[in-house]
Amino acid sequence: MTSPLADAAWQPSPLELSRRAQRRRATTLSVLLALLSSLVVAGVLVIVIANTPGWKVVRETFFDPKVAIASVGPIFQGLLLNILVLVIAAVCVALLGTLLAVLRSLRGPVFFPLRLLAAAYTDFFRGVPLLIVLYLVGFGIPALMIFPRMPAMFWGTIALVISYSAYVSEVLRAGMEAVHPSQRVAARSLGLTHGQTLRIVVIPQGVRKVVPALMNDFVSMQKDVGLISVLGAIDAVRAAQLQVAETFNFTPYIVAGLFFVILSWPMIRLTDVVTARLNKREQAGGIV
């Protein structure tokens, strides 16, 4: 065992210093080449698009700065509704998706009806497009006249929860089934019940295994939350449609698209970071 004095006096060898310098030079060169190639590709695209016959009309129709500035306020107000729906839907999807995953993981023949219902739910709503679910929920359920009149935002949130909980439940179930059976056996041998085993042992490990997939589903929901406009909710997309109807210019759609990109970009980057970190831990054998 080396002494603290010896550790403090240690210095890398000239060979190690040269290797570090070489790695730094290689990294710098790679960054410069990537930047240069990106600039070249971007320049070529700009030149090609700017010289197309219809570019002038497209620029005036889709990229009018005056129309864009005038539409920022109304579209941003609509985006606040999208964010509210997203937060509520994300919480409800997490709860309902977990419940469905647990139902599908129940053991024993007595739970067969619950497993069958959960499987039928996930199979059906994973097969039906979200847009159709929005129409069925937003226009079909109010037509029954058994519920009081509710805003379009409410029914849009319900449709999102119904559709995305089916996807999330399958992701969670895959993570729970990826947990080694010895974990369940060990938990039961310690006296834990089936419910305690799921809550304390299986679900935490399963969620950790599928975090990237869950985050990707959340990113998808961030975009699909704009579909509630088909029910008449004045969200960012609907606000852009109203602005287009007033100006006869499609620039508000570009503004709305940029708002959704800004909304989803942090989660996209966070997903990449978390995925890379988990992959690194798995390669190092530091994750169960």
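Thresholds, definitions, all that
Residues numbered from 1 in each chain as written. Predicted model: local features only at pLDDT ≥ 70, side-chain atom pairs only at ≥ 80, totals over all residues. Heavy atoms only, no water. Core = buried A, V, L, I, M, F, W, Y, C linked by side-chain atoms within 4.5 Å. Buried < 20%, exposed > 50% of the residue type's maximum accessible area, 1.4 Å probe, protein only. Helix = DSSP H or I, 4+ residues; strand = E, 2+ residues; numbered from the N terminus. Phe/Tyr/Trp six-rings, centres within 6.5 Å; stacked < 30°, edge-to-face > 60°. 1 Å grid on protein atoms, 1.4 Å probe; cavity = no way out; pocket = protein on both sides within 12 Å on 5 of 7 lines; lining within 4 Å. Points joined across faces, edges and corners; volume = space filled by probe spheres on them. Nonpolar A, V, L, I, M, F, W, Y, C, P; charged D, E, K, R; others polar. Contact = heavy atoms within 4.5 Å.

Engineer: Honestly, the nonpolar core in this entry has me stumped. Any pointers?
Structural biologist: It is characteristic of soluble globular proteins that their nonpolar side chains tend to be buried jointly. I75, V133 and L160 are the most contacted members of the largest nonpolar core, which totals 41 residues. Put simply, the parts of the chain that give this core at least two residues each are α4 (65-104), α6 (130-143), α7 (152-178), α9 (194-209), α11 (236-247) and α12 (251-283).

Engineer: Looking at this structure, how should I read the packing of aromatic side chains?
Structural biologist: Remark: the centre distance and the inter-plane angle together describe each pair of aromatic rings, the angle taken between the planes. Following the criterion strictly, the structure yields ten aromatic pairs and no others. Look at Y135 and F139: their rings are 5.8 Å apart centre to centre, the planes differ by 20 degrees, and that puts the pair in the stacked class. Taken together, the residues span about one helical turn, with Y135 and F139 both in helix α6 at a distance of four residues. Residue Y135 is classed as partly exposed on the basis of its relative accessible area, which comes to 38%. Consider the rings of F147 and W155, whose centres lie 6.1 Å apart with planes at 70 degrees: the pair is edge-to-face. Among the aromatic residues, ring-to-ring pairing joins F62, F250 and Y253 into one connected group.

Engineer: What is the right way to read the layout of surface pockets from this model?
Structural biologist: With a probe scaled to a water molecule rolled over the atoms, the places where space remains empty come into view. Of the pockets and cavities examined, the largest pocket occupies roughly 220 Å³. Around the largest pocket sit A90, V93, A94, T98, V168, L172, L214, M215, D217, F218, M221 and M267, which together line it. Put simply, the parts of the chain that give the lining of the largest pocket at least two residues each are α4, α7 and α10 (211-224). Counting residues per element, the lining of the largest pocket draws most heavily on α10, at five residues. Counted by class, the lining of the largest pocket contains ten nonpolar, one polar and one charged residues.

Engineer: Help me out: how do you make sense of unusual backbone geometry in this one?
Structural biologist: Peptide bonds are trans in most cases, and residues, glycine excluded, mostly fall at negative phi. A positive phi angle, near 60 degrees, is found at M145, a position not held by glycine. You can call M145 exposed: its relative accessible area is 72%. If you check the backbone angles, F248 has positive phi at about 55 degrees while not being a glycine. With respect to the helices and strands, the residue F248 is situated in the loop between α11 and α12. Note on F248: relative accessible area 73%, which makes it exposed.

Engineer: What's the story with the side chain of Q243 in this structure? I'm lost.
Structural biologist: Along the chain, Q243 falls in helix α11. Contact partners of Q243, with chain neighbours within four places excluded, come to A70, S71, P74 and P252.

Structural measurements only, silent on function.
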